[in-house]
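Each chain, letter by letter, is given below.
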Amino acid sequence: MRATIEEIPKITRNFARPARTRVFKGGRGSGKTRGLAKRSALRVYQLAEMGVEGVFLASREHLNSLDESSMEEIKAAIRSEDWLHSYFDIGEKYIRTRNRRISYVFAGLRHNLDSIKSKARIIGNWTDEAENVSEVGWRKLIPTIREEGSGWQAENWISLNPESPESATNKRFVENPPEDCIVTTVNWSDNRWFPSILNRQRLEDQRLRPETYDHIWEGAFLTLTDAQVFGGKFVVDDFEPGPGWDGPYQGLDFGFAQDPTAAVECWIYDGRLYIRREAGKTQLELDDTADFIGHRIPGFADHVARADSARPESISFLRRHGLPRLEAVEKWKGSVEDGVAFLKSFAGIIIHTDCPQTAREFRLYSYKVDRLSGDIRPDIVDANNHFIDALRYAVAPMIKRIEPARRVKVSF
């Protein structure tokens, strides 16, 4: 059959040439995730019609539940085309062709891949949010993308918002791409369906947050400058709390319409702060909060946790519905700055690789920059701070109030 599909021209041009690996990198609002979700459905359709059987893998570095996967994006892409919608069988927790030849499988590369590759024939992969995929993750995945047949071969698709030139993804696929790899940069300006509400946010960031604008919207690397609050103060690494560690200390920041509810578990040892686990989700209903956090931070309900005192009704509800040891933290004028100064007083902050959202905020959390002079101001941008706020709440009893006359910006 013939069908006309509208998509971003840069995506079309990438797929116009044969390749084993396809990389799509760029900033927010580029449409690459939505575009690749639809492309995956087209690929599955084509292979199934050729008689190919197996699974199409939709992967990320970490995947604790289907809520964190690309499933909803793929469902929406399939439903946007009537002929695709009629070809697929879509359930609450599955997507497959009606002829049962190909199913989607959603997996985390760090913890789920081994169980899948031993049971299924992987006929293609799309890794979204690939900036945080480790070298270990790529070494595990790439040998599994090896199936081929008459007129087709398994392809590996990668989409990311670049952050660091030192990331395993950048070094492996962008800086030194394989011979059969096509790298395409896609940004908001390439997206003919770029929504006006996002454009207003983009223009506001361009005017008020120039220090991170290029990274967020133009797909540039995040440049660590004096404006980055925690520049040089943290690393991302694996660890496990041991005997003699103080903790766990737990914090919770309530979400709003577009902001995630964020929770963290941290420990203190040898003058360093260790962030072991995180739980975060946008539009999380209060009724579901305790269960959601408990699945991602085991034992969260068994220990004291501290939350924003501005939401006493939410704290009261959660005490009665799954988090009996939740407490409100004291807040005062300048408590954010005092909390940040306390966090920076540690000899180092180590963020576990299981906490990519926390690590991202630590990279983006910034002081304001004067639009005209470029001077760095002492006040902090109220953005990229949900997990950091939860972290401040977790260690709140240790934070000392600093008198305004003595409060100064501390740089490292």
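Residues numbered from 1 in each chain as written. Predicted model: local features only at pLDDT ≥ 70, side-chain atom pairs only at ≥ 80, totals over all residues. Heavy atoms only, no water.

A.B. asks: When you look at the side chain of Glu 278 in this model, what are you seeing that I'm missing?
C.D. replies: Note that Glu 278 resides in strand β14 (residues 272-282). Buried charge without a salt bridge: Glu 278, with Arg 296 as the nearest opposite-charge side chain at an N-O distance of 8.7 Å. A distance of 3.1 Å separates a polar side-chain atom of Glu 278 from the backbone nitrogen of Gln 357. If sequence neighbours within four positions are ignored, Glu 278 has contacts with Ala 263, Val 264, Arg 296, Ile 297, Asp 354, Cys 355, Pro 356, Gln 357, Thr 358 and Phe 387. (Helix = DSSP H or I, 4+ residues; strand = E, 2+ residues; numbered from the N terminus. Buried < 20%, exposed > 50% of the residue type's maximum accessible area, 1.4 Å probe, protein only. Lys, Arg positive; Asp, Glu negative; His and termini not counted. Salt bridge = Lys/Arg side-chain N within 4 Å of Asp/Glu carboxyl O. Polar contact = N/O pair within 3.5 Å; in protein donor to acceptor, adjacent residues only side chain to side chain. Contact = heavy atoms within 4.5 Å.)

A.B. asks: What exactly am I supposed to notice about the pairing of strand β13 (residues 260-269) here?
C.D. replies: Counting buried positions along β13 yields 9 of 10 residues, so the element is predominantly enclosed. The pairing of β13 with β14 spans 10 bridges and is classified as antiparallel. Residue pairing for β14: Ala 262 is matched across the bridge by Gly 280. (Pairing = 2+ DSSP bridges.)

A.B. asks: What's the story with the confidence of the model for the protein in this structure? I'm lost.
C.D. replies: Low pLDDT marks regions whose predicted coordinates should not be analysed in detail. When pLDDT is averaged along the protein, the result is 89, and 94% of the positions lie at 70 or above. Across the protein, the element-wise mean pLDDT spans from 70 in helix α5 (residues 113-117) up to 98 in strand β1 (residues 21-25). (pLDDT = per-residue confidence, 0-100.)

A.B. asks: Help me out: how do you make sense of the packing of aromatic side chains in this one?
C.D. replies: Each aromatic ring pair is summarised here by two numbers: the centre-to-centre distance and the angle between the ring planes. For the coordinates displayed, the defined rule picks out 20 aromatic pairs. Measuring from ring centre to ring centre gives 5.7 Å for Phe 56 and Tyr 104, while their planes differ by 65°; the resulting arrangement is edge-to-face. Of this pair, Phe 56 sits in strand β2 (residues 54-60) while Tyr 104 sits in strand β5 (residues 102-108), placing them 48 residues apart in sequence. Judged by relative accessible area, which is 1%, Phe 56 ranks as buried. Each ring, one from Phe 230 and one from Phe 362, has its centre 4.5 Å from the other, and the planes form 35°; the classification is tilted. On the criterion of sequence distance, the pair formed by Phe 230 in the loop between α9 (210-218) and β11 (234-236) and Phe 362 in helix α13 (residues 356-364) is long-range, its members being 132 residues apart. Each member of the pair, Phe 230 as well as Phe 362, carries the same accessibility label: buried. In textbook terms, an aromatic cluster arises when at least three aromatic residues are bridged by ring pairs, as seen for Phe 15, Phe 24, Tyr 45, Phe 56, Trp 83, Tyr 87, Phe 88, Tyr 104, Phe 106 and Trp 157. The residue whose ring lies beneath Arg 96 is Tyr 94, and the NZ or CZ to ring-centre distance is 4.1 Å. (Phe/Tyr/Trp six-rings, centres within 6.5 Å; stacked < 30°, edge-to-face > 60°. Lys NZ or Arg CZ within 6 Å of the ring centre and 35° of its normal.)

A.B. asks: Got a minute to help me understand unusual backbone geometry in this structure?
C.D. replies: What is expected of a backbone is that most residues other than glycine have negative phi and most peptide bonds are trans. For the bond from Gly 247 to Pro 248, the omega torsion is 5°, close enough to zero to count as cis. Here Pro 248 is to be found in strand β12 (residues 246-253). We note that Asp 270 has phi near 55°; this positive angle belongs to a residue other than glycine. Looking at where Asp 270 falls in the secondary structure, it is placed in the loop between β13 and β14. Using a relative accessible area of 57% as the deciding quantity, one classes Asp 270 as exposed. Positive phi outside glycine occurs at Asn 384, with the angle close to 55°. Note that Asn 384 resides in the loop between β19 (376-380) and α14 (386-394).

A.B. asks: What am I meant to see in helix α10 (residues 286-296) here?
C.D. replies: The α-helix winds at 3.6 residues per turn, so residues separated by three or four positions along the chain end up facing the same way. Residues of α10 that are buried include every one of Thr 289, Ala 290, Phe 292, Ile 293 and Arg 296, and no others. Residues of α10 that are buried make contact with β12, β13, β14 and α11 (312-320).

A.B. asks: Would you explain the pattern of salt bridges in this entry?
C.D. replies: Taken as a whole and judged by the stated rule, the model has 25 salt bridges. The partner of Asp 270 in a salt bridge is Arg 272, and the shortest N-O contact between them spans 3.7 Å. Look at Arg 272 and you get partly exposed, because its relative accessible area is 31%. For Arg 276, the salt bridge goes to Asp 354, with nearest N and O atoms at 3.1 Å.

A.B. asks: I'm lost on the packing of helix α2 (residues 32-49) against helix α3 (residues 71-79) in this one. Help?
C.D. replies: Between α2 and α3, whose axes approach to 8 Å, the crossing angle comes to 65°. Looking at the two axes, α2 sits roughly perpendicular to α3. Considering only the axes of α2 and α3, their crossing is right-handed. Seen from α2, the contacting residues are Thr 33, Arg 34, Ala 37, Lys 38, Ser 40 and Ala 41; seen from α3, they are Glu 73, Ile 74, Ala 77 and Ile 78. Of the residues that constitute the contact of α2 with α3, the class distribution is 5 nonpolar, 2 polar and 3 charged. (Axes fitted to C-alpha atoms, helices over the stretch in contact; angles between N-to-C directions. Parallel < 35°, antiparallel > 145°, perpendicular 65-115°, else oblique. Left-handed = near helix turned anticlockwise from the far one by under 90°. Nonpolar A, V, L, I, M, F, W, Y, C, P; charged D, E, K, R; others polar.)

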